[in-house]
Amino acid sequence: MRPIPNTIFIGKVLHHLDRVDSTNAYLQYLIAASADRLTEGLTVFADEQFAGKGQMGAGWVSEPGKNIIASILLYPKFLLPKQIFYLNKAIAVAVCDFLKSYSDNIKIKWPNDIYFENKKMAGILIENSLSTNAVEQSIIGMGININQEIFDTALLNPTSLRAITHKNYDLELLFHALCAEIEKQYLLLRSFQFKKIDDLYHESLFGLNEEKIFTQGDETFTGIIRGVNEYGKLIVEKEEGLFEFGAKEVRIFSIG
Amino acid sequence: MDFKEIQELIRMVNKHSIAELTVENQNFKIKIKTALANSGVTQVPVMMPVQQQSLAVPQAPANQEKTAKIEDAGAKTETANADGNTITIKSPIVGTFYRSPGVDKDVFVKVGDEIQVGSVLCIIEAMKLFNEIESEHEGKIVKILVEDASPVEFDQPLFLIEPK
């Protein structure tokens, strides 16, 4: 795979691995082992990842060489720690918009999964280093199902671009397009276009203004999704009024 | 890329059981192949997702006992420094406080540890974002003010540090 041709800084230095435990972990070791600061936008791409962080346990079948598994190094020092969720919003928008070029009905499922209808197509895992006043460093990890055809549907509800469009894709070309999309959204963030990012995130938010069933511990309730606030909390309208929930407090139970 | 960096890459490749690595930019290209490239693919069990570290991370009891003891000592130190000789490290965000990077991992810091500027003190997880908190001071940890896996608020004190 060649360095990304259509970007300014993302993927200009590219580490292409055949297989690795986790691209995020690899990047972290690379940072720790380097005497000098690594260049912003350094990207790791793996054909196969066998212990990915955030993979949904042992049931996740990932066929080597069929998907995008990558991590990107960024230094979003312009962000205050309390603004960190905007980075998540920007990346979710980028991955979602990238996939929308190939299929309809792609949505962001709060807080940061990408779904086609009721099936998961991509996951994002972001690991940051914060000081008191700034986001010093960010590792953007992504797994996006592209050409995979075999899934273990017992545990999850995964899908891929190929599974829904019945086409085979050039992984390298798609990865170039993804990197360009991420760079675009990141530059939007860097120019403090929070409102714009918020609008884009909500445009693609799964279940927005729809009534859904939620689970909170052992209880279930219904409510209408009204958005995701600046700190990433889900805003739900219940009969009693508006409520905000963290990612660990509730789950959106009804899908589709 | 100099010789030292190439050496470092080779070390990485071995450490992560990578069979083949290509690094490329405008000016150079390096390809490292190891013996693994020719061997069969070994199946490695998939690790638990990091998210699930919220399911509580119990540490070895012996370890905990030790930590508890040192923390007692830390409490005394804190009293001794009540005149303002300690620096309080506060949480920059709202989230869940973790002392170690994963279920089976060692804690980042314990009471008595010497820390440098940039040392990772803890992880605060917020909305599935994993945020390592770095120290901006050089010194010694004298007290840890928050239990592992508990929620923290913005500006909540997390650590007391005796600056060097």
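What this report covers is the structure whose coordinates are included nearby. From a predicted model like this one, the values you see are computed outputs, not experimental measurements. (Residues numbered from 1 in each chain as written. Chains lettered and ligands numbered in written order. Predicted model: local features only at pLDDT ≥ 70, side-chain atom pairs only at ≥ 80, totals over all residues. Heavy atoms only, no water.)

### What to know about the overall build of chain B
Argument step 1. The number of helices and strands found in chain B is two helices and ten strands.
Argument step 2. Across chain B, helices and strands are ordered from the amino to the carboxyl terminus as α-β-β-α-β-β-β-β-β-β-β-β.
Argument step 3. Put simply, of all contacts in chain B between residues at least 6 apart along the chain, 58% involve residues at least 24 apart.
Argument step 4. Carbon and sulfur atoms form 52% of the exposed surface of chain B, whose accessible area is close to 9300 Å². (Helix = DSSP H or I, 4+ residues; strand = E, 2+ residues; numbered from the N terminus. Contact = heavy atoms within 4.5 Å. Areas by Shrake-Rupley, 256 points an atom, 1.4 Å probe, with all protein chains shown as cover.)

### Here's the deal with the interface of chain B and chain A
Argument step 1. Taken together, the contact pairs 38 residues of chain B with 51 residues of chain A.
Argument step 2. For the chain B and chain A pair, buried surface summed over both sides reaches about 3800 Å², with 59% attributable to carbon and sulfur atoms.
Argument step 3. Linking Glu125(B) and Lys248(A) is a salt bridge whose minimum nitrogen-to-oxygen distance equals 2.8 Å.
Argument step 4. In this structure, the connection of chain B to chain A is made through nine residue pairs in polar contact (both at pLDDT 80 or more).
Argument step 5. Secondary structure elements with two or more residues in the side of chain B that touches chain A: helix H1 (3-15), strand S1 (20-24), strand S4 (95-98) and strand S7 (129-134) of chain B.
Argument step 6. The element best represented in the side of chain B that touches chain A is S7(B), accounting for six residues.
Argument step 7. In terms of residue class, the side of chain B that touches chain A is made up of 20 nonpolar, nine polar and nine charged. (Buried area = accessible area lost by both parts, 1.4 Å probe. Salt bridge = Lys/Arg side-chain N within 4 Å of Asp/Glu carboxyl O. Polar contact = N/O pair within 3.5 Å; in protein donor to acceptor, adjacent residues only side chain to side chain. Nonpolar A, V, L, I, M, F, W, Y, C, P; charged D, E, K, R; others polar.)

### A look at the environment of Asn128(A)
Argument step 1. Residue position: Asn128(A) is located in strand S6 (residues 119-130).
Argument step 2. It is 9.3 Å that separates the C-alpha atoms of Asn128(A) and Tyr75(A), two residues lying 53 residues apart in sequence.
Argument step 3. When sequence neighbours within four positions are dropped, the list of residues in contact with Asn128(A) reads Ile84(A), Leu87(A), Val135(A), Gln137(A), Ser138(A), Leu129(B), Phe130(B), Asn131(B) and Glu132(B).
Argument step 4. At a separation of 2.6 Å, a polar atom in the side chain of Asn128(A) contacts the side chain of Asn131(B).

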